[in-house]
Amino acid sequence: MIDVVVVGGGPVGLYLAALLLQHGVSVRILERRAGPNTHSRAIGIHPPSLEALDGIGVASGLVSEGVQIRRGVAIGGGVEVAGMSFHTVSSRYPFVLSVPQARTEAALERRVRELDGGSLLRGATVTGLHDDGARVAVDVVTANGESRIHASLAVAADGVRSTVRQLLAAPMRVKGYPDSYVMGDFADSTAFGPDAALFLEHAGIVESFPLPGGVRRWVARTRGAGADVPDARSLTGIVRERTGVSVDAGTNSMLSSFGVRSRLVTRMIHGRTALVGDAAHEISPIGGQGMNLGWLDAAVLAPLLLSRLAHTDVARELQCFERQRLQAAARAVRQSEINMMLGRPLPRPLWHARNRLIRYAASVPAINSRAAARFTMH
Ligand SMILES: Cc1cc2nc3c(=O)[nH]c(=O)nc-3n(C[C@H](O)[C@H](O)[C@H](O)COP(=O)(O)OP(=O)(O)OC[C@H]3O[C@@H](n4cnc5c(N)ncnc54)[C@H](O)[C@@H]3O)c2cc1C
């Protein structure tokens, strides 16, 4: 029997598995995808996550691969509205690290394989989960057919459409938003260097972040409801129209569009199974918090799993874990709602007034550093 079965080998499942493997625990990660993820969804790794990733020995490699965003600038109508430095948010990592999610996952997978070459099972889809109070049995479908894996404990890190969450019939609070966005990665044609830039325009926000290799991500709020069909030329058209920046559509290397909703489970612990990451909380990508939140769930959960495996009663600690992590997720939802509100189109007079207010607030050092802390999940 395995100690812990982890459903889902995304960033959260891989990180948790590495933490547990470092303590000599037997782990099996069941991942539906046959090969690694190549899509760069999340790019921002916040300072608390870098501290956590350092605990499994992958932070320094990622830091050397990524771009250190030490400053963000807000621009409106061609003038700087506000600047924000991250130098006070952490003494060790005074920046948000920008790395494509696929590269982050590759670093985590390398670490997992170093610790136990056989722990990650790809092409393995979980279809059933049974908890008899003493152990968990997980049904898995692979190319070789169906099988059942037994484990002392299970962790579901199987993403927003979590199969395990559905099998547990875990209740959720769901909220929809009227916002939709298109995003794409292009050759960097700006002079922003390693800075992030937010264009607070009356037609809707445009965000711009550096990526390694002279690439920049552009995210624009669109007027459609839900996800639009993404198109590199229409995105570069929106960027030029709203910001005056010319981006070469021919250099596009990633394109995606998305609508937004939030979903929070009401409980993360279900008998011998825990829900973490997007399986427990879906947060709007605007603000870049989802992956970070999942890692921090895993960092708090791992020692409790180790105690459970050692037959220590941690019922109260698990309740505390659940309460604290759901509060953190609710805070992240509120932060993303503020970010999305700031990005909505506004009539010109209101837009002028809003940007003046932001300029004033950002000029107050206490407010500025508080906002920097919120943006970096401190
Ligand atoms: C456009 C976009 C931009 C984003 N930007 C950021 C950002 O900058 N910063 C940030 O922190 N977050 C960001 N996010 C959110 C981030 O991508 C997610 O929060 C993160 O991927 C969640 O990790 P996870 O491991 O919980 O789930 P996932 O990454 O979804 O991984 C779940 C894994 O489980 C596997 N799986 C699913 N079902 C099964 C099954 N039945 N059996 C076996 N395996 C299964 C899947 O194949 C997948 O590999 C962004 C999201 C989007 C959509």
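Note that the structure is a prediction, hence the values are computed from the model and not measured.

1. Considering the sheet that holds strand β12 (residues 172–187)
So, point 1. A sheet is described by the order of its strands in space; here eight strands give the open sequence β6-β5-β13-β14-β15-β12-β16-β19, paired in mixed fashion. Each edge of the open sheet is held by one strand with a lone partner, namely β6 (79–85) and β19 (281–282).
So, point 2. When strand β5 (residues 71–76) meets strand β13 (residues 196–199), the two strands line up parallel, connected through four bridges. Each bridged residue has a counterpart across the sheet, and for Gly-72 the counterpart in β13 is Ala-196.

2. Section: the packing of helix α1 (residues 11–21) against helix α7 (residues 290–309)
So, point 1. Contact pair α1 / α7: the axes reach a minimum separation of 9 Å and the direction vectors enclose 30°. As summarised for this structure, α1 and α7 are arranged roughly parallel, according to the angle between their axes. In the packing of α1 onto α7, the handedness of the crossing is right-handed. Contacts between α1 and α7 involve Pro-11, Val-12, Tyr-15, Leu-16, Leu-19 and Leu-20 from the first element and Met-291, Gly-294, Trp-295, Ala-298, Ala-299, Ala-302, Leu-305 and Leu-306 from the second.
So, point 2. For the contact of α1 with α7, the per-class residue count stands at 13 nonpolar, one polar and no charged.

3. Section: the domain arrangement of the protein chain
So, point 1. Assigned domains within the protein chain: domain 1 (2–43 + 101–171 + 266–340) and domain 2 (176–260 + 342–375).
So, point 2. Using only C-alpha atoms to locate each centre, domain 1 and domain 2 end up separated by 31 Å.
So, point 3. Contact with domain 1, which involves 15 residues of that partner, is made by 20 residues of domain 2.
So, point 4. Both faces considered, domain 1 and domain 2 share a buried interface measuring about 1500 Å² in area, 57% of it formed by carbon and sulfur atoms.
So, point 5. Three residues, Ile-43, Ile-286 and Met-340, lead the burial of domain 1 against domain 2; their summed loss comes to 41% of the area buried on that side.
So, point 6. Linking domain 1 with domain 2 are nine residue pairs in polar contact (both at pLDDT 80 or more), by the criterion used here.
So, point 7. Element by element, the count of residues in the side of domain 1 that touches domain 2 is highest for helix α8 (residues 315–342), at seven residues.
So, point 8. For the side of domain 1 that touches domain 2, the residue count by class is six nonpolar, five polar and four charged.

Parameters and conventions
- Residues numbered from 1 in each chain as written.
- Predicted model: local features only at pLDDT ≥ 70, side-chain atom pairs only at ≥ 80, totals over all residues.
- Heavy atoms only, no water.
- Pairing = 2+ DSSP bridges.
- Helix = DSSP H or I, 4+ residues; strand = E, 2+ residues; numbered from the N terminus.
- Axes fitted to C-alpha atoms, helices over the stretch in contact; angles between N-to-C directions.
- Parallel < 35°, antiparallel > 145°, perpendicular 65-115°, else oblique.
- Left-handed = near helix turned anticlockwise from the far one by under 90°.
- Contact = heavy atoms within 4.5 Å.
- Nonpolar A, V, L, I, M, F, W, Y, C, P; charged D, E, K, R; others polar.
- Domains from an automatic or database assignment.
- Buried area = accessible area lost by both parts, 1.4 Å probe.
- Polar contact = N/O pair within 3.5 Å; in protein donor to acceptor, adjacent residues only side chain to side chain.

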